[in-house]
Amino acid sequence: MPGVKVTVTNTGTGIAQVTNSDKDGNFHVLNLPIGTYVVTAENSGFAKLNTEPQALQINQNLRFDIKMKVGSSQEVVDVSGTAAGVETVNSTLGQSVTSRPIVDLPLNGRDVLQLAALQPGVTETNADNGGAGNFSIAGGRTDSVTYLLDGGPNNNLLSNGVVYNPNPDTVAEFRILQNNYTAEYGRNGGGVISVVTKSGTNAIHGSAFEFLRNDAFNANSYFNKNPITNPTPLPRDILKRNQFGGTVGGPIIKDRLFFFVGYQGQRQTAKENTGGPTQVFTTAELQNGDFAGDPGVAAFLSNNPYFQAPGTTASQAIIDPTKFDPVAKAYIAAGLIPSSASGFVTPTATAKDNSNELTVKIDFNVTSKDKISATLGGFRRNLLNNYEIATVNGFPNINGTHNYFFSGTYTRTISNAALNEFRFTAQRNLNQQELPTGANASITAAALGVGITPDANVAPPNLSFDNNLYIGYSPQGPTTEANNTFSYADTFSWVKGRHNWKFGVGFTPYQNNTVYDYYTQGEIDFYAG
């Protein structure tokens with residue numbers, strides 16, 4: 001039936017789009033955000049018809065087959081079951097996961113993307129896979145997945161992994177497109193994961209959460225109490241993790257301007273060790289040069305009597321402490337060389353994994369034909385590890401990840417059959433790798449008398465011994481890697497008769513800025529002859 005006035009209303013925001021059916025009785029409303037919609041049909045000489053609310057998902061064409069009933073315009077008919085249950089327009093194969101399962105299902109670390117493994121055609125990665133990503137879609141490579149966040153590209157330019165991954169309470173829905181997707185999803189061939197964050201509505205809604213893991217609630221493990229491997233039972237492994245946060249969303253201007261804010265923080269501490277005892281110097285060796293008859297030292301003193309302590313024989317293996325090299329004396333005086341009475345230590349320390357994440361979304365209906373939407377997200381994480389390469393205490397490294405994401409979209413409805421969408425996306429992936437921290441990080445080669453000019457004058461030169469004693473910070477840093485991606489995309493949608501046309505253009509420049517450090521402070525290696 002031509003000329004029917006059709007109104008499509010978002011039940012959450014109250015925003016309505018109005019169109020008319022064409023000569024064949026078809027109607028189209030383009031580029032609606034995900035949500036729940038009610039369709040109202042009106043025409044002279046027919047009763048007004050209201051459909052039941054239907055959910056519109058990502059990349060979905062929701063079809064309503066409406067049959068008008070002769071009657072008064074004052075008469076209202078409520079109908080159900082009018083939306084087609086099978087996708088009849090879009091041939092893309094994919095599955096959606098909506099907000100309720102996202103929040104309710106248990107996720108270790110609250111990583112939304114873990115839910116991808118529940119979908120048909122998605123398999124977990126192989127153990128020997130060295131690429132980014134944890135799953136394969138439809139047999140594709142794990143590092144060939146396209147990630148979209150509120151329509152904007154969300155891939156790291158180097159690894160192709162995801163940049164900003166918001167927490168479950170901020171996600172409205174995500175959809176996996178497996179294959180046969182349209183040209184607008186043309187970045188990678190290994191599947192598409194499109195995530196849409198929640199938006200505010202005319203009602204104020206919020207949530208708060210706290211997830212706790214604590215070793216105080218755990219029983220000790222079998223292996224810690226095994227009398228064969230541990231005659232003296234070990235205490236429980238220490239892990240204390242708090243993940244907390246909340247969300248709030250609502251109207252700024254009713255029916256026009258909406259906001260949504262979500263925050264999540266994590267504070268985690270865990271016991272860390274080197275996996276067993278580490279052989280170090282004895283106190284007598286370090287302070288007095290007394291190696292207690294060690295045959296290697298005895299042989300050295302026999303060939304180099306200059307270093308032999310006065311009043312001793314070479315076979316006693318006692319080195320004169322006054323003959324220690326000045327650099328060695330500086331290391332000892334600075335407390336960089338560990339020792340114990342037995343010559344063994346079992347290092348333990350506290351590892352930390354703390355992070356903060358903030359997501360903000362604004363939706364503004366400027367006019368009935370103009371809409372602006374913006375999403376801003378930030379994630380900052382600092383991971384403290386004590387034994388990146390050191391086998392003793394005192395040389396912790398920090399690995400920092402600071403990811404930022406912005407996507408802004410302007411949508412203009414030109415007519416009932418034509419719509420244009422412009423989107424700008426910017427993202428920044430800043431990695432700070434192996435930053436030396438702690439008191440020993442301020443001790444430089446010059447302060448120890450080591451005659452080198454390092455490119456990065458941080459931390460003392462490392463010491464490596466052939467008994468697996470390693471003293472010093474990770475040689476892989478301090479490294480800074482900053483990747484910036486900017487994306488400009490314009491899409492024009494046009495409905496002509498029974499055909500939907502889409503034209504678009506995109507431009508994405510990338511920046512990679514890396515300051516890579518490797519063994520910049522030097523290393524001194526000691527091996528037996």
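The model shown is predicted, which means the values in this text are computed figures rather than measured ones. (Residues numbered from 1 in each chain as written. Predicted model: local features only at pLDDT ≥ 70, side-chain atom pairs only at ≥ 80, totals over all residues. Heavy atoms only, no water.)

## Observations concerning the overall build of the protein chain
Across its full length, the protein chain holds 5 helices and 30 strands. For 529 residues, the compact-globule formula gives about 24 Å, and the C-alpha radius of gyration of the protein chain, at 32 Å, lies well above that figure. Principal axes of the C-alpha set define a box for the protein chain whose edges measure 120 × 50 × 45 Å. A sequence separation of at least 24 residues applies to 66% of the contacts in the protein chain between residues at least 6 apart. For the protein chain, the exposed area adds up to about 26900 Å²; of that, 54% sits on carbon and sulfur atoms. Seen as two clouds, the 35 positive and the 41 negative side-chain charges of the protein chain have centres 11 Å apart. (Helix = DSSP H or I, 4+ residues; strand = E, 2+ residues; numbered from the N terminus. Rg over C-alpha atoms; globule rule 2.2 N^0.38 Å. Contact = heavy atoms within 4.5 Å. Areas by Shrake-Rupley, 256 points an atom, 1.4 Å probe, with all protein chains shown as cover. Lys, Arg positive; Asp, Glu negative; His and termini not counted. Charge placed at Lys NZ, Arg CZ, Asp CG, Glu CD.)

## Comments concerning the nonpolar core
With 21 residues, the main nonpolar core has Tyr331, Phe395, Leu448 and Ile471 as its most contacted residues. Elements that contribute at least two residues to this core include exactly helix H5 (326-333) and strand S25 (462-465). Not counting the four nearest positions on each side in its chain, Tyr331 is found in contact with Leu336, Ile337, Leu448, Val450, Pro460, Pro461 and Leu463. Counting residues in each nonpolar core, the second largest holds 19 residues, with Leu107, Val122, Val145 and Ile176 among its members. (Core = buried A, V, L, I, M, F, W, Y, C linked by side-chain atoms within 4.5 Å. Buried < 20%, exposed > 50% of the residue type's maximum accessible area, 1.4 Å probe, protein only.)

## A few points about a nonpolar patch on the surface
A cluster of nonpolar side chains, Val366, Ile372, Tyr410, Phe422, Tyr488 and Phe507, forms an exposed patch at the surface whose accessible area comes to about 530 Å². In this structure, Phe422 sits in strand S24 (residues 418-436). Take Phe422: its relative accessible area is 35%, and that puts it in the partly exposed class. (Patch = residues over 30% accessible without salt bridge, like charges linked within 9 Å, V, L, I, M, F, W, Y side chains within 5 Å. Salt bridge = Lys/Arg side-chain N within 4 Å of Asp/Glu carboxyl O.)

## A short note on the sheet that holds S25
Spatial strand order, S26-S25-S30: 3 strands in an open sheet with mixed pairing. Two strands close off the open sheet at either side, each with one partner strand: strand S26 (470-471) and strand S30 (523-526). Across 4 bridges, the pairing between S25 and S30 is parallel. By the bridge assignment, Leu463 is partnered in S30 with Ile524. (Pairing = 2+ DSSP bridges.)

## A look at the side chain of Asn365
Here Asn365 lies in strand S21 (residues 348-365). By relative accessible area, which is 11% here, Asn365 ends up buried. Setting aside anything within four residues of it in sequence, one finds Asn365 in contact with Ile15, Asp255, Arg256, Phe258, Asp370 and Lys371.

## What to know about helix H4 (residues 295-303)
The α-helix advances 3.6 residues per turn, and as a result positions three or four apart in sequence lie on the same side. Taken together, the buried positions of H4 are occupied by Val297, Ala298 and Leu301. With its buried residues spanning 100 degrees around the axis, H4 presents them on a single face. When the buried face of H4 is taken as reference, the exposed residues oriented beyond 90 degrees from it are Pro295, Ser302 and Asn303. (Arc of directions from axis to C-beta.)

## Focus on the pairing of strand S16 (residues 257-273)
The sheet contact formed by strand S15 (residues 239-253) and S16 spans 14 bridges and is antiparallel. Bridging across to S16, Asn242 finds its partner in Arg267. Hairpin connection between S15 and S16: a loop of 3 residues separates the two successive antiparallel strands, and Asp255 in this loop has a positive phi of roughly 70 degrees. Judged from the 15 bridges that link them, S16 and S21 form a sheet pairing that is antiparallel. Directly across from Leu257, in S21, lies its bridge partner Phe364.

## A few points about H5
Buried within H5 are the following residues: Val327, Ala330 and Tyr331. Projected onto a plane normal to the axis of H5, the buried residues spread over an arc of 100 degrees and lie on a single side. Of the residues in H5, the exposed ones pointing more than 90 degrees away from the buried face are Pro326 and Ala333. Tucked into the core, H5 has its buried residues touching S25. You can read the cap of H5 off the contacts: a side-chain oxygen lies 2.8 Å from the backbone nitrogen of Val327, and it is on Asp325. (Polar contact = N/O pair within 3.5 Å; in protein donor to acceptor, adjacent residues only side chain to side chain.)

## Overview of empty space enclosed by the protein
Inspection of every chain in the model, using the stated rule, returns 1 cavity of 30 Å³ or more. Size it by volume and the largest cavity reaches roughly 70 Å³. Along the walls of the largest cavity sit Val112, Leu113, Tyr147, Leu148, Leu149, Asn154, Val162, Tyr164, Asn165, Pro166, Val171 and Val195, which together make up its complete lining. Looking at which element gives the most residues to the lining of the largest cavity, the answer is strand S10 (residues 146-149), with 3 residues. When the residues that make up the lining of the largest cavity are grouped by side-chain class, the tally is 10 nonpolar, 2 polar and no charged. (1 Å grid on protein atoms, 1.4 Å probe; cavity = no way out; pocket = protein on both sides within 12 Å on 5 of 7 lines; lining within 4 Å. Points joined across faces, edges and corners; volume = space filled by probe spheres on them. Nonpolar A, V, L, I, M, F, W, Y, C, P; charged D, E, K, R; others polar.)

## Overview of the confidence of the model for the protein chain
Averaged over the protein chain, the pLDDT score is 86; the fraction of residues at 70 or greater is 94%. In this model, residues 81-89 is a region of pLDDT below 50 whose contacts with residues beyond four sequence positions or in other chains number 16 contacts. (pLDDT = per-residue confidence, 0-100.)

## Focus: the packing of aromatic side chains
If you walk through the whole model with that rule in mind, you get 14 aromatic pairs. Seen from their ring centres, Phe424 and Tyr488 are 5.0 Å apart, and the 45 degrees between their planes marks the pair as tilted. Highlighted residues: Phe424 in strand S24 and Tyr488 in strand S27 (residues 479-496), separated in sequence by 64 residues. With a relative accessible area of 22%, Phe424 lands in the partly exposed category. With a relative accessible area of 37%, Tyr488 lands in the partly exposed category. If you follow Arg110 out to its NZ or CZ, it ends over the ring of Phe209, 4.2 Å from the centre. Above the ring of Tyr306, the side-chain terminus of Lys323 is found at 4.1 Å from the ring centroid. (Phe/Tyr/Trp six-rings, centres within 6.5 Å; stacked < 30°, edge-to-face > 60°. Lys NZ or Arg CZ within 6 Å of the ring centre and 35° of its normal.)

## A closer look at the pattern of salt bridges
Here the structure, examined in full by the defined rule, presents 8 salt bridges. The closest approach of N and O atoms between Arg141 and Asp143, which form a salt bridge, is 2.9 Å. Judged by its relative accessible area of 57%, Arg141 falls in the exposed class. Note that Glu421 is salt-bridged to Arg423, the shortest N-O span being 3.4 Å. Of the two residues examined, Glu421 and Arg423, each falls in the buried class.

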